[in-house]
Each structure stands twice: as C-alpha cells, then as structure tokens.
Amino acid sequence: MNLAVSLVHTILVHMKLSIARPMFKFIIWISPLFYSTLAIFIYGKDSPETLFHYVVLGSGFMALWSSIVFSSASDVNRERFYGTLEIIFISPVPFAVTLIGKIIANTLWGLISMILSFVYLKFVFQLELVFYHPWVFLAALLFVLLSLAVFSFFLALAFTLSRQAEALMNFIEYPIYLICGFLFPISYLPAWVQGISYVLPPTWAIQLLRDVTTETLSSQTVLFSFTALVSLTVLYILIGVYFYRLMDKKARFHGKLGVY
Amino acid sequence: MEAVQRFIRHGFLSYKALFGWLDPKVYIFVMVLSPISQLIFFSMLVNYVYKGENLLGYVAANALLLCVLNAVFGIMSVITSDRWMGTLPLVMATPYNKASLFLSRSIAHVLNGLVTAAIGLGFGIILFHLSISFKEGLVLLIIWLCSIFSAAGLGLILGTFCLWSPSMHLWSNLLASLLLLLSGANYPYSRMPEWLQLLGQFTPLTRGVQLTKDILNDGNYSNVAVLLGEEILLGIAFFAISFLLLKFAEYQSRSKGTMEFD
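Residues numbered from 1 in each chain as written. Chains lettered and ligands numbered in written order. Predicted model: local features only at pLDDT ≥ 70, side-chain atom pairs only at ≥ 80, totals over all residues.

When helices and strands are counted, chain A shows 12 helices and 0 strands. Helices (α) and strands (β) of chain A occur, in sequence order from the N terminus, as α-α-α-α-α-α-α-α-α-α-α-α. Along the three orthogonal principal directions, the C-alpha set of chain A runs to about 55 × 40 × 35 Å. Counting the 260 residues in chain A, one finds 43% classified as buried. (Helix = DSSP H or I, 4+ residues; strand = E, 2+ residues; numbered from the N terminus. Buried ≥ 20, exposed ≤ 12 C-beta atoms within 10 Å, placed from the backbone.)

Structural data, given as structure tokens:
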C-alpha cells in the first residue's frame, strides 16, 4: 500500500517537475503542432485512412517519443547532474519505484501531447479521425503506453550506465522516427534496417495502432502485431532488470553511482 | 592587416574554446551523425510521399537546413557559454568593438554550417544515387554561404535573448522548428497558407531553399541574383538588429549590473 502511495506521489511530483522545465514545455505543447503541420504539409491530400495512419498517428507518436527521449531517458542522468541521485537511491522507497513513477509521469505527458496533436489536426486541418473500433483502439493504446514505459525504463538505465548519455539522447530522436516507421511504412526501408526496426517496441506499437484503426479489422494482423509487442515488452523487462542490477552493483560495490 | 589577423584569430579561438574540450565521439554524434539522421529521415519521407519526384532538390534543401545546428544552436552558444562560464562580464567590459567581436565569433559557425550542409548533401547524393554537376555545386556553395550568413544573423539575435531570458533551449528549438517549417524544404512552398508564406519571406533559408530547388530540379538560374541579394540584405539586417540588442544589453549591464541574472 505504501509503495502504491509513493508511486502516485512520485507521478504527481514528477509531472509538476517535468513541466516546469521550459524545454519540456516546448516538447509537450509546441513541438506536436510543428510535427503535425510538417506532416500534413508533406502528405497534402490523401485518403482519410492514409492521413490518419501516417499524419495523425505518426505525428502523435513523434510527440510521444520526444517526451520519452527528452525526459524519461535522461531523468536519472539529470538527477546525477543535480547531485540528488544518491539521495533518491538510498531513500526508503525502492529506487525502481521512483524511476517507474517518473516514467509513468512522462508517459502521461506524452499522451497529453499526442492527444493535443490529434485535436490540432482534427480542428485546424479538418482531418478525419477514423476510429472505426474505438474500444479496441483504446485497449491497444493502453498496452502501447505500457510497452513504451517498459522501453523507457530500459533506455533510462542504459543511458545511466553510459557516459555519452546526453549526446545519445540528442542523437536517437530522428533515427527512431525513421527506423520505426512513424511517418511512412518500414517496408520502404532497406532490408537490413528493417531488421533493426523489428527489435524496437515503437515499431510494433505504431503498427498495432494502425492495425486496429483499419476499416476491415483483421484479427490475424492485429494478433501478429500484438504478439510481437508482448514478446518485445517481456524481453525489454528482462534487459531492464539486468541493467537495474548492474546499476545497483555500481552504486553499492563500486560507489560510482554519481560519477559513471 | 593586424586587425584582420586579430579578427580571424579571435573567431578561431572562440570556436576552439566552445568545442575543443569535447570528446571527439560526442562531437561526431552531435555535429555529424545527428544532422545526417535528420537528413535521412526527411529525405526518405519525401521520397516515399512524392515517389521520387524532384528528390535531388529536396535532399539538397534538407542538407541546407542542417546548418541550423551551427547557425542557431552554435551561434547562441557563443553568448550562453560565456554566461555559463562567468566570462560574459569580461567580454562585455573589453574595450574591443562588440560588433566586430561577435561577427568574428560567428564566422567559424557560418563556415561550420557550410561544412555540415555539404557533408549532408554528399551523404544524400551517395545514399540516393543522385548526381550534381560542378557548376550546380559551385552556385549552391555561394547561395548556401549567403543563406547561412543570414541564418547566423537571426541566430545571434536569439543569442542576445539569453542576456534576458533563462529559457534558451526553448527559444533555440522554437526557431529551429520555425525554420524547418517556413523554409518549405520538404514540400512545395505554395502548399503553406498565404500568411505562413508571407512570414517565410522574413526568415532566412527560405530563399536559399527555393534557389536550391529551382537550380537542381528545373535548372532555373533566373532568380539567383534577386533572391540572393534579398537573402544578404536580410542577413545584414539581422546582424544589425543583434548588434543593437547587444548595445542595449551592454548599457543595461553597466547601469543595472544585472547581466548575469535572469
């Protein structure tokens, strides 16, 4: 019960802390409008389904991904920079709970940013939001958010263990847009790049959302994307746990938590 | 002659001070791989959507846009890093002419922007199996140099904002996004609403992007003189405004002593 309360508190406090940063405000409130406008100008006029899959979902996902990259992935590193990492680490609440709380908070902001992008495209550019099966879409979206939160957990720890965290953080934004097929299908990429796409959860996450918003919903394709996303989520949970133990060891045995 | 040498030396030293301490790996990630990933993303996207039509123009326009990293973020860091390291009051108190000082500091970033854009174009040409003639390359070099000079002027205006605002990441990212949107690098310019097209006329790179597309897609050189002249004038205006803002900040720092406060 105490852990649940701590988690909720962490989520609320972190939501306030994140949005206090001017750059995060830009990512949540302004950048989705830029992405959406760019995407609609590039696509111009196309079928409602194509526009929904690649402009609405694509730019919404870009907004969601940016909130993950520029916050969840670098939150531990930010605490290190502030000198508060050790204090959080030795507090009675397990560090993993604090970290998960931070990630949920940022994912919620990412979701708000994604919704903002949908609303903007709907009302400013009069795009049709083709939710043919709204409940299936909502269920899929919930699972997608969970999966991306797990991926964020992995990234946060991977970046904590790497000295080049900030450079990597700035670097991975566009490659993920590209490799995971946010604005165009990954089948358009060279075969060797598609191999990388398949092991990244955002690829299957957006694919699942596209599959459940197709007019002729095919249970086979949905099941395929869903299974792939579940498998990757489990894989990244295992890697995340391994990285967490590595970081824990680094802190307790080597005393190097704050200095790489 | 000595003044010219001092001008060049100052620009070089300032640039070295900004990046000299960086790990080469980080420098390559930030200054080479990151812009190239942006170029590949937009080039692949337009290639998919427009089915390869006018691809060379779009790839080159996106390569030009990569200069934003130097012309906006680099130039901005000329002022922000001095403030961060506590050397800004010393720089502002020096008897040396401030316009000349900041112009010399901008030169290295303009040249670096040109190199980044050229690397991007070279990479795009190889990736998409495109080709470009020597004449086209030479004209583009001149156009891009003028466009990047103009963008650097706007970058310096933004840099002066850091003398008053603590939210520089917000301003710089906002400007970078605006330039990407208003330049029309990824779509026909006419696709934007008229009010955005009008706004685009007052931002740098718009003319550079248009000329790049005109030359590479249509072989049309007829607008080069006019648009290039406008781009240079725009750049001079931006630098003049930034010098006025610096003068005002200098005055405020002397009268209020608040230069290092937000």
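So, on to the overall build of chain B. Along the backbone of chain B there are 11 helices and 0 strands. Overall, chain B shows an N-to-C arrangement of helices and strands of α-α-α-α-α-α-α-α-α-α-α. In terms of overall dimensions, chain B is globule-like: its C-alpha atoms have a radius of gyration of 19 Å, near the 18 Å expected for 262 residues. Referenced to the eigenvectors of the C-alpha coordinate spread, the extents of chain B come out at roughly 60 × 40 × 40 Å. Among the 262 residues that make up chain B, the fraction classed as buried is 43%. Contacts in chain B between residues at least 24 apart in sequence constitute 83% of all its contacts with a sequence separation of at least 6. (Rg over C-alpha atoms; globule rule 2.2 N^0.38 Å. Contact = placed C-beta atoms within 7 Å.)

Mean pLDDT over chain B stands at 87; residues scoring 70 or higher make up 97%. Scoring the predicted complex yields pTM 0.89 and, for the interface, ipTM 0.89. (pLDDT = per-residue confidence, 0-100.)

Bringing the environment of B:F19 into the picture now. Residues and elements named next belong to chain B. Here F19 is to be found in helix α1 (residues 2–19). Using a count of 16 C-beta atoms within 10 Å as the deciding quantity, one classes F19 as partly exposed. Residues F19 and G74 lie 55 residues apart in sequence; the distance between their C-alpha atoms is 9.9 Å.

A negative phi holds for most residues other than glycine; trans holds for most peptide bonds. Residues and elements named next belong to chain B. Even without being a glycine, N54 presents a positive backbone phi close to 55 degrees. Assignment of secondary structure puts N54 in the loop between α2 (24–49) and α3 (55–65). Judged by the 15 C-beta atoms lying within 10 Å of it, N54 is partly exposed. Of note in the backbone geometry, H129 takes a positive phi value of approximately 55 degrees without being a glycine. Looking at the secondary structure, you find H129 in the loop between α6 (98–127) and α7 (134–161).

Turning next to the interface of chain A and chain B. Of the residues lining the interface, 25 residues belong to chain A; the matching set on chain B comes to 27 residues. Among the secondary structure elements, those contributing two or more residues to the side of chain A that touches chain B are α2 (22–43), α8 (165–171) and α9 (173–179) of chain A. Considering each element in turn, the side of chain A that touches chain B owes the most residues, 12 residues, to α2(A).

Attention shifts here to the packing of α2(A) against helix α3 (residues 48–69) of chain A. Residues and elements named next belong to chain A. The N-to-C vectors of α2 and α3 enclose an angle of 150 degrees; their axes lie 9 Å apart at closest approach. It follows that α2 is roughly antiparallel to α3 by the angle criterion. For α2 against α3, the interelement crossing comes out right-handed. Along its contact with α2, which presents I27, I28, S31, P32, Y35, S36, A39, I40 and Y43, the element α3 presents L51, Y54, V55, G58, S59, M62, A63, S66 and S67. Of the residues in the contact of α2 with α3, the class split is 12 nonpolar, 6 polar and no charged. (Axes fitted to C-alpha atoms, helices over the stretch in contact; angles between N-to-C directions. Parallel < 35°, antiparallel > 145°, perpendicular 65-115°, else oblique. Left-handed = near helix turned anticlockwise from the far one by under 90°. Nonpolar A, V, L, I, M, F, W, Y, C, P; charged D, E, K, R; others polar.)

A few words on helix α6 (residues 95–124) of chain A. For α6(A), with 30 residues, the first-to-last C-alpha span of 43 Å sits near the 44 Å given by 1.5 Å per residue. Phi for A:Q126, located one or two positions after α6(A), is positive at around 55 degrees. (Expected span 1.5 Å × (residues − 1).)

Let us now look at the environment of B:V209. All names here are of chain B. Mapping V209 onto the fold places it in helix α10 (residues 206–218). Residue classification places V209 among the buried residues on the basis of 27 C-beta atoms within 10 Å. A sequence separation of 26 residues divides V209 from S183, and the C-alpha atoms of the two residues are 6.4 Å apart. Those residues within four positions of V209 in sequence are excluded, and the remaining contacts are A61, L64, S183, G184 and A185.

Side chains of nonpolar character tend, in soluble globular proteins, to be buried together. Counting residues in hydrophobic clusters, the biggest one holds 137 residues, and the most contacted among them are B:L64 and B:C67. Dropping the residues within four chain positions of it, B:L64 is found in contact with B:A117, B:W144, B:S147, B:L205, B:G208, B:V209 and B:T212. (Core = buried A, V, L, I, M, F, W, Y, C linked by C-beta atoms within 7 Å.)

Let us look at the packing of α2(B) against α6(B). Packed helices, taken two at a time, are described by their axes: the angle between them and the distance between them. Residues and elements named next belong to chain B. As a packed pair, α2 and α6 sit with axes 10 Å apart at the nearest point and diverge in direction by 50 degrees. Compared by their axis directions, α2 and α6 come out oblique. Taken as a pair, α2 and α6 cross one another with a handedness that is right-handed. Together, M31, V32, P35, I36, L39, I40 and S43 of α2 and T116, I119, G120, F123, G124 and L127 of α6 make up the contact between the two elements.

Residues and elements named next belong to chain A. Within the secondary structure, N106 sits in helix α6. On the basis of neighbour count, N106 is assigned to the buried category, with 30 C-beta atoms found within 10 Å. Between the C-alpha atom of N106 and that of L257, which follows or precedes it by 151 residues, the distance is 23 Å. Discounting residues that sit within four places of it in the chain, N106 has contacts with S18, S67, I68, S71 and S72.

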